[in-house]
Structure formats: C-alpha cells, structure tokens
Amino acid sequence: MAASSSKAKAEPPVPPVMKRSMLAPHGPQLRPQYEQEEEWQEFCERTDTSKLHDFGRYWWTYGRDEDDDGFLREAVFLEVPLRKDIEAKQIRANLTTKHLQITVHGESVIDEDFEDTKWLNVSESYWEIEVKEVKQVRRKVLRYVLYILMECPKYITQWLFLSEKTKDDGRFVDQNEEDEDNIDDRLRMIAKMKEPEPHRDADIWFSETEEEEERWCDGCGSTRIVVMKKHTDSKYMKYCNDCPFVSPAKETSLPTGLMKQKDIDEKRARKARLKARKEEAKKRMEAEKERVAGEPDRTEEVPEDFNKSEKTRMYTDEEFNDVLTKALRRGEIKWEDY
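Residues numbered from 1 in each chain as written. Predicted model: local features only at pLDDT ≥ 70, side-chain atom pairs only at ≥ 80, totals over all residues. Heavy atoms only, no water.

### Brief notes about the packing of aromatic side chains
Enumeration over the complete set of coordinates arrives at 7 aromatic pairs. Measuring from ring centre to ring centre gives 5.4 Å for phenylalanine 55 and tyrosine 58, while their planes differ by 25°; the resulting arrangement is stacked. By relative accessible area, which is 2% here, tyrosine 58 ends up buried. Between tyrosine 126 and tyrosine 147 the ring centres are 6.2 Å apart and the planes differ by 50°, which places this aromatic pair in the tilted class. Residue tyrosine 126 is found in strand β9 (residues 126–134), and its partner tyrosine 147 is found in strand β10 (residues 137–147); the two are separated by 21 residues along the sequence. Aromatic ring contacts, followed pair by pair, group Phe55, Tyr58, Phe114, Trp119 and Phe161 into a single cluster. Across the ring face of tyrosine 147, the terminal group of arginine 73 is positioned such that the distance to the ring centre comes to 4.7 Å. Positioned over the ring face of tyrosine 155 is arginine 186, at 3.6 Å from the centre of the ring. (Phe/Tyr/Trp six-rings, centres within 6.5 Å; stacked < 30°, edge-to-face > 60°. Buried < 20%, exposed > 50% of the residue type's maximum accessible area, 1.4 Å probe, protein only. Helix = DSSP H or I, 4+ residues; strand = E, 2+ residues; numbered from the N terminus. Lys NZ or Arg CZ within 6 Å of the ring centre and 35° of its normal.)

This is the structure in structure tokens:
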C-alpha cells in the first residue's frame, strides 16, 4: 500500500476559481481610502457604461459590439421604437459625422445634430430591426450601432445629441462646464486614488500614539513633560519640567490606529444605512409610478410567433444538398449568369 502511494503522481493544487461577482466589467474593483470614496463613487457613476439614457422617443447606451472580424469595438447603441407593421424597406437613414436623420414610412423620427463631431465612424456603423421587451411589451426596435473611431480618445457617456444638453425652457443643463470624458482624465483619476490601510483585528495594538497622547504642556507648550499618576491623583496627569502647570493626560482605550479605524467603520456603516434608505425610497417611488400608470399600452406589441418561419435552421452538408436540389427542381431558386 505504501509502495503504490509513493508511485502516485503528485498533482499541483488547483487554484480557486474567482467568482464573476468579484470582478468589475473592466477588471478588479478599486477601493480607495475613506476620504476618497465619495469622489471615486461619483467617478464610477459618471463613467458607468451600463447606464441607460432614456429620452422617450429614443434611448442609447455605451458599450462594446463584436464586428465582422470577431473583435470587440466600442460603440454607441441607439434604439428607436417602431410600429409592429414597419419593415426594413420603409426605413431611410442618413448618417454623417454631424447629423443623423431617420425616416420611417415618410415620417421623421430622429432628426438630430451630434453633440461632438469627432468620434463617429460613419462607414462602419449600421442599423437593424430586432424584437425586444420594452417596458414589459415586446416591440419592434430599430437598433443603430454607431462605431467609435479607433484613434478617438473620448468616451460617449454624457450626451449623444446636442438637444440633450438643453431643457424645455432653453436653459443649458451643464451650467458648470465639465471636462469631457477621455482616457487621460480616467488614468489621472485612477492614479490619484490611494490604497487604504490594512484593516487591523481587535488583538493587533501596534500604531504610533504620539499624536493621540498629546505629549506637550498645555500651559507653555514644552515637550519636556512627564505623564504619571501620584497617590494623590485620581487619574494620569501631565507634569511639565519647564513650568509648574499640571493638566490631565488624554486617556484612550484604543491606540491611534485602531481608534481611527473604528471611526471610519462607524462612518461607513452610517453611509450604508443612508444609502439603503434612499434605495428603498426610490423603489417605492417607482412602484407608485407603475401603479398610477396602470397597464402598459400593448397596441404595438409583437406576437410570440413573429417571423417563426424565418428562424435559422441547422443542416448537415447532406441535408443542405438535398434541400437545395429540391428547391432547384421546384424552380424556387434560379441560377443567374453575371
């Protein structure tokens, strides 16, 4: 038994599988120190690519799309709802670096100028019709994939069209002009973040305590003091060697490092409770809006069996040759010489 075990091949330990929840869309999630958490959270919300910019008659998101060569390309996905009887031949789209015009059955649905004219790749952008669920209703949607130029350093995360920067009364939303979202600013922001100190357990008591103990005289400011407790004192006192001033010494149950860590943990807990209350209030408000709105309008809903006969079917080579031969004999396919 011992000989067989010694001959067994030694297998290296298998590394643990990292869960997907531990990764952000672009890699591990950074966690800066407490003083920079709000700034970092604001940066993450402003650069979030999953954010949906909904303007009623159209909506758009920023993300990545796989091109014909299998590479992921950054693009803006613009979606426009359509009527259920609209077909591709009834749609006309005119795209330039400055303007986009979409006409459906002679009616203009999009006629907008782009906010920035230096990022769009007009030659490779395309549109298609797909059926998806929009506000609990299956509808036809025109999906326009607007590719971004490879040499463009900018991210489209704030505005797509120029009209999005103005309100109904004509006032500009961006009264305080912000810098555009580009690669350099993101790198500078990430480089500015500082890693927090390691979280110490309750049984670790090492830290610098000079600042916490306040080793100076409260009368003359001299640092030549002695902290002691005489038999007549009820607590520890600071005795100065340069003046007769005596003052109570500062006593703490924890050293400086653990005390700061405890304060930060309490602040984070309060912030988490406040955030949870805000999210709960937001959910209640959305539920109330859905209740007031009632049932969604299903006049333009597309049935489940839409284009069921046009779905792709998989054939082997022999089956495909048989189907092609039968279609040629029936006259459904005709050869044309060019």
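### Details of the sheet that holds strand β8 (residues 107–113)
Read from one edge of the open sheet, 3 strands run β6-β7-β8, paired in antiparallel fashion. This sheet does not close on itself; its edge strands, each paired only once, are β6 (91–95) and β8. Within this sheet the neighbouring strands show an average axis-to-axis angle of 5°, counted without direction. Relative to β8, strand β7 (residues 99–104) runs antiparallel, the two being bridged by 6 bridges. Bridging across to β8, histidine 99 finds its partner in aspartate 113. (Pairing = 2+ DSSP bridges. Axes fitted to C-alpha atoms, helices over the stretch in contact; angles between N-to-C directions.)

### Remarks on the environment of asparagine 241
With respect to the secondary-structure elements, asparagine 241 resides in the loop between β12 (237–240) and β13 (246–248). Sequence separation between asparagine 241 and isoleucine 225 is 16 residues; the distance between their C-alpha atoms is 5.7 Å.

### Considerations on the pairing of β6
Across 5 bridges, the pairing between β6 and β7 is antiparallel. If you follow leucine 95 over to β7, its bridge partner there is leucine 100. Two successive antiparallel strands, β6 and β7, enclose a turn made up of 3 residues.

### A short note on the confidence of the model for the protein
Low-pLDDT stretches of the model should not have their predicted coordinates read in fine detail. For the protein, mean pLDDT is 78; residues scoring 70 or higher make up 78% of the total. Across the protein, the element-wise mean pLDDT spans from 38 in strand β1 (residues 23–24) up to 91 in β7. Across residues 12–27, where pLDDT falls below 50, the model places 3 contacts with residues more than four positions away in sequence or in other chains. (pLDDT = per-residue confidence, 0-100. Contact = heavy atoms within 4.5 Å.)

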